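Architecture and fold: a report
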Amino acid sequence: MKPVHRCWAEVDLDALRGNLAWIRQRAGAGVKVMTVVKADAYGHGLKQIAGLLMQSGTDVFGVANLIEARAIRSVGAGWPVLMLGACLPEEVEQAVKDQVMVTVSSLAEAEAFSSAARKFKLVARLHLKVDTGMGRLGCPPEQAEQLLAAIDSLPQVETAGLYTHFSSVEDEFHYTQRQRTLFGKLLKSLAAKGRNFEYLHANNSAAMLLEEAGPYNTVRPGLLVYGVLPFGRRRIEIPNRDLIQPVLSLKCRISLIKDVPKGSRLSYGGLYTTTRTTRVATISAGYGDGYLRASSERANVLIGGERCQVLGRITMDQMLVDVTKLESVSHGDEVVLIGRQGSQELTATEVAQWAETVPWEVLTAITYRVPRVYLGAQAS
Ligand SMILES: Cc1ncc(COP(=O)(O)O)c(C=O)c1O
């Protein structure tokens, strides 16, 4: 039997390629693009996405862990990869052996990489992270120069990169300026001493859209690669916005249609009671597929090119939708949860707003049981 998909994600590789081209142009000549492919390439499927990004000219990948780094290397041996998270003690030797660039915030971390590199007669390539206001990884900006000098004196390590991370570009202009200024001061001082880095980076997707390019030689976008614009209080005004296309659509099917009388309680907890005779479609996706339960009762889906309301609680494998207004609806019809149908579109950002979360979570929440179906010229 041909596999029947109850809930699936379509991944448009042509859109991905177009987004990377847009990012390249926006970044400017000579600026390297580090595509962030953490969390299974934001839920799109790491190996396929990495393969296409390699063909389309990404310079370096940003990952969260060594398993992701290995998956990339299985597609393209030797491709530069930076682990954006801090290594656990047991990961240090593996990172060095795998020749994955690593993020350090302290001398103790750099020393551990130096001794692993000596053990394996290799060179560990480090990126020193500076905490300008994210409050997660990184050293204080005022200690960065001293730390860099100490790291430079360690055997068999090379500081290939210097970077920082913005905490709220899409929302806060002034806070972001403060972060930029702190990092900028450090860069000026290092440049005056003739210190250069192969990778100097700060700009994530929102910074690429909302901030000046800055003196960096590398950009570090994630969300934008997948064609989703960060959403916040700052207004994004960019040329050729329509060239950025969402890569992922999430779809399912109608598995049952029922007419229920006025006064019927629907789904767990009976949050919703029909106020009229209602045609209810059961659809074949739920939070077990990663469609967030928090969007219960607020979410819309597309059926027959129209927005239809989700009724009551979203359950693990199914949800209920009001299709009373549709002229024609049939068992097996396709339902769009994220993506386009006819003239309508549901974006990952809109879905995120219903669930009171962010599009990053909407994409990365899509579970392993949802097959990723690759479309476009490069799909295999
Ligand atoms: C350190 C770092 N850089 C870059 C990114 C990419 O951010 P965005 O998806 O907002 O472009 C992330 C994402 O979480 C990150 O953690």
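Predicted, not measured: the structure shown is a model, and the values here were computed from it. (Residues numbered from 1 in each chain as written. Predicted model: local features only at pLDDT ≥ 70, side-chain atom pairs only at ≥ 80, totals over all residues.)

1. Here's the deal with the overall build of the protein
Check the secondary structure of the protein and you find 11 helices and 19 strands. Counting only C-alpha atoms, the protein reaches 75 × 50 × 40 Å along its principal axes. Residues classed as buried in the protein amount to 42% of the 380 residues present. A fraction of 65% describes how many contacts in the protein between residues 6 or more apart in sequence connect residues 24 or more apart. (Helix = DSSP H or I, 4+ residues; strand = E, 2+ residues; numbered from the N terminus. Buried ≥ 20, exposed ≤ 12 C-beta atoms within 10 Å, placed from the backbone. Contact = placed C-beta atoms within 7 Å.)

2. Focus: helix α3 (residues 46-56)
Buried within α3 are the following residues: L46, I49, A50, L52 and L53. Seen along its axis, α3 keeps its buried residues to an arc of 165°; they face one direction. Its buried side turned inward, α3 meets α1 (13-27), β2 (32-36), α2 (38-43), β3 (60-63) and α4 (66-75). Positive phi shows up at G57, right after α3, with a value of about 95°. (Arc of directions from axis to C-beta.)

3. Side note on the domain arrangement of the protein
By convention, interface size is frequently given as the accessible area that disappears when the constituent parts associate. Annotation of the protein at the domain level lists domain 1 (31-226) and domain 2 (248-375). Spacing between the C-alpha centres of domain 1 and domain 2 amounts to 38 Å. On the side of domain 2, eight residues touch domain 1, which itself brings eight residues to the contact. Residue contributions to the side of domain 1 that touches domain 2 peak at three residues, all from α2. Here the residues of the side of domain 1 that touches domain 2 sort into four nonpolar, four polar and no charged. (Domains from an automatic or database assignment. Nonpolar A, V, L, I, M, F, W, Y, C, P; charged D, E, K, R; others polar.)

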